[in-house]
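What follows is each chain in one-letter form.
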Amino acid sequence: MSSQTDGFKLEKTSFASHAEEVLHMRNANRPIAQSAEYLAWRYQGLAGTQEPAIFWLRGKDGRAAGMASLIFRPYWLDNVKQDVAVLGDISLDSNLRGRGLGAVLLKFMTDHIREIEPDRLALVIPNAAAQRSLSSIGWVTPGRLIPHVLLLNAEHMLRRRVGGVGALAKGLAWPARQIVSALLRKARKPGYSLQLKTSLDDSFTGLWRDCDKTGAVIGDRDAETLAWRYANHPHIAFSFAKLLFGQTLAGYLVYSFSREDRECVIYDLVMRRPEESSCMLAMFAMEVSKDPEIGNIRLLLNDKHPYRANLRKLGFISREASGVFQVNGEKAREGKGSAQWILTGGDKDI
């Protein structure tokens, strides 16, 4: 499928037939290059979903000048599992920016969704430029993405500010650490235990089956999806932590360490009951705090995420929104845009 616009050609292709070109275009417009292995994982690693679609802006010579992709991911929409079209890898040659060509490409892609698959819900976590273009062609913005930070040990940060004086930094950091420790201890509940660095097993499937998804829009978290997303990631070492009540899995979280930034990043958090998230996070944070090289824990949630309610009581501080998420399609206009969206850092491809 193709069309002409202002001397440029618009075209839709599959990923499989243009994988090498996708990799070249993506890397030419990103500060960090990725490998062919990474793109194969992202675009083709999850079995059973619709084939990805690539939308191109090409010059008169046929070379790619812009690109956007739709990768289909399983989500649950009010207890019904469906493939959502996730928009990503929006790229435009730097010498063509500011001419409205990016908006032309995104409109071409959006028209395809509306004409060919009008019932398909599409989702994107855009940068500011893409957000403006998508808003102008009817994409809805249901909410923002909010980083939350729990400061476990301010010693390293304070050392930089007080000229590397270790004793002074340690003394200044001690009161804050004691306050956070007290908040975390208070949130623990009897009967619960924590297991770190666990493997995926059947209990994850049972937990996901039992989670109430009524009225929610949430990415699939069955064991197969978790294995693809985290256990089989090509270059990030993710770990799973389990919260057990007796022998029953009450919830889990997915995390990784960034030693360079001295932080632990939580990418996913799923609980059998939302109110148990405080206990999960408190017990996990207490374990992470035993590592003197980790200064903080970072967690990204959308602004209406049900687990945000008690984060402040644990000592988490909300930062300025890191961005928004936008949706498109008939389902958005039917009310899914204002539904109970439940998004974490794990919903953004990395």
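Given the structure is predicted, the values throughout are model-derived calculations rather than measurements. (Residues numbered from 1 in each chain as written. Predicted model: local features only at pLDDT ≥ 70, side-chain atom pairs only at ≥ 80, totals over all residues. Heavy atoms only, no water.)

Draft legend 1. Spatial organisation of the nonpolar core. Ranked by size, the top nonpolar core spans 32 residues in total, and within it Leu150, Leu243, Leu253, Met280, Leu281, Phe284 and Ile297 carry the most contacts. Looking at this core, the elements with two or more residues in it are helix H6 (166–187), strand E8 (192–198), strand E10 (239–245), strand E11 (248–258), strand E12 (263–271), helix H9 (277–288), strand E13 (296–302) and helix H10 (311–314). Among the elements that make up this core, the one with the highest residue count is H9 (eight residues). Filtering out sequence-adjacent residues up to four positions away, Leu281 remains in contact with Leu253, Ile266, Leu269, Leu299, Leu311 and Leu314. Counting 24 residues, the second-largest nonpolar core is a separate cluster that includes Ala68, Leu101, Met109 and Leu134. (Core = buried A, V, L, I, M, F, W, Y, C linked by side-chain atoms within 4.5 Å. Buried < 20%, exposed > 50% of the residue type's maximum accessible area, 1.4 Å probe, protein only. Helix = DSSP H or I, 4+ residues; strand = E, 2+ residues; numbered from the N terminus. Contact = heavy atoms within 4.5 Å.)

Draft legend 2. Region of the structure containing helix H3 (residues 101–116). Taking 1.5 Å as the rise per residue, H3 with 16 residues should run 22 Å; its terminal C-alpha atoms sit 22 Å apart, in good agreement. Among the residues making up H3, those that are buried are Leu101, Leu105, Leu106, Phe108, Met109, Thr110, His112 and Ile113. (Expected span 1.5 Å × (residues − 1).)

Draft legend 3. Local environment of the side chain of Gln326. Along the chain, Gln326 falls in strand E15 (residues 323–328). Only 3.3 Å separates the side chain of Gln326 from the side chain of Thr141, close enough to count as a polar contact. Sequence-distant contacts of Gln326, that is, excluding residues within four places in its chain, are made with Ala122, Leu123, Val124, Pro126, Ala130, Gln131, Leu134, Ser135, Trp139, Val140, Thr141 and Pro142. (Polar contact = N/O pair within 3.5 Å; in protein donor to acceptor, adjacent residues only side chain to side chain.)

Draft legend 4. The side chain of Ser239, seen in detail. Looking at the secondary structure, you find Ser239 in strand E10. Ser239 sits in the buried class, given a relative accessible area of 17%. When near neighbours in sequence (up to four residues on either side) are disregarded, Ser239 contacts Lys197, Leu253, Val254 and Tyr255.

Draft legend 5. Helix H8 (residues 223–231), seen in detail. All buried positions along H8 are accounted for by Ala223, Thr225, Leu226, Trp228, Arg229 and Tyr230. Among the structural elements, helix H2 (36–44), strand E4 (64–77), helix H7 (202–210), E10, E11 and E12 are those in contact with the buried residues of H8.

Draft legend 6. Up close: unusual backbone geometry. Positioned with a positive phi, Asp89 is a non-glycine residue whose angle comes to about 50 degrees. Looking at the secondary structure, you find Asp89 in strand E5 (residues 80–92). For Asp89, a relative accessible area of 6% corresponds to the buried category. Phi at Arg262 takes a positive value of approximately 55 degrees, unusual for a residue other than glycine. Here Arg262 lies in the loop between E11 and E12. We classify Arg262 as partly exposed; its relative accessible area is 28%.

Draft legend 7. Looking closely at the pattern of salt bridges. Within this structure, the stated rule accounts for 20 salt bridges. The residue Asp347 makes a salt bridge to Arg221 at a minimum N-O spacing of 3.3 Å. On the criterion of sequence distance, the pair formed by Asp347 in the segment after strand E16 (340–342) and Arg221 in the loop between strand E9 (216–219) and H8 is long-range, its members being 126 residues apart. Given a relative accessible area of 10%, Asp347 falls into the buried group. According to the relative accessible area criterion, Arg221 is buried, its value standing at 5%. Linking Glu276 and Arg273 is a salt bridge whose minimum nitrogen-to-oxygen distance equals 3.4 Å. (Salt bridge = Lys/Arg side-chain N within 4 Å of Asp/Glu carboxyl O.)

Draft legend 8. Representation of the packing of aromatic side chains within the structure. One pass over the structure, following the stated rule, counts 13 aromatic pairs. With centroids separated by 6.0 Å and ring planes inclined at 80 degrees, the aromatic side chains of Phe55 and Phe108 adopt a geometry described as edge-to-face. One end of the pair, Phe55, is in strand E3 (residues 53–58); the other, Phe108, is in helix H3, with 53 residues separating them in the sequence. Grouping residues by exposure puts Phe55 and Phe108 together as buried. The interplanar angle of 50 degrees and the centroid separation of 4.8 Å between the aromatic rings of Tyr192 and Phe245 together place this pair among those described as tilted. Of the two residues, Tyr192 sits in strand E8 while Phe245 sits in strand E10, which places them 53 residues apart along the sequence. Taking the relative accessible area as the measure of exposure, Tyr192 reaches 13% and is therefore buried. Judged by relative accessible area, Phe245 falls into the partly exposed class, the value being 44%. Of note, Lys213 hangs over the ring of Trp76, and the distance from its end group to the ring centre comes to 5.0 Å. Looking at Arg259, its charged tip hangs above the ring of Phe257, at a distance of 4.8 Å from the centre. (Phe/Tyr/Trp six-rings, centres within 6.5 Å; stacked < 30°, edge-to-face > 60°. Lys NZ or Arg CZ within 6 Å of the ring centre and 35° of its normal.)

Without other data, these values stay purely geometric and don't point to any function.
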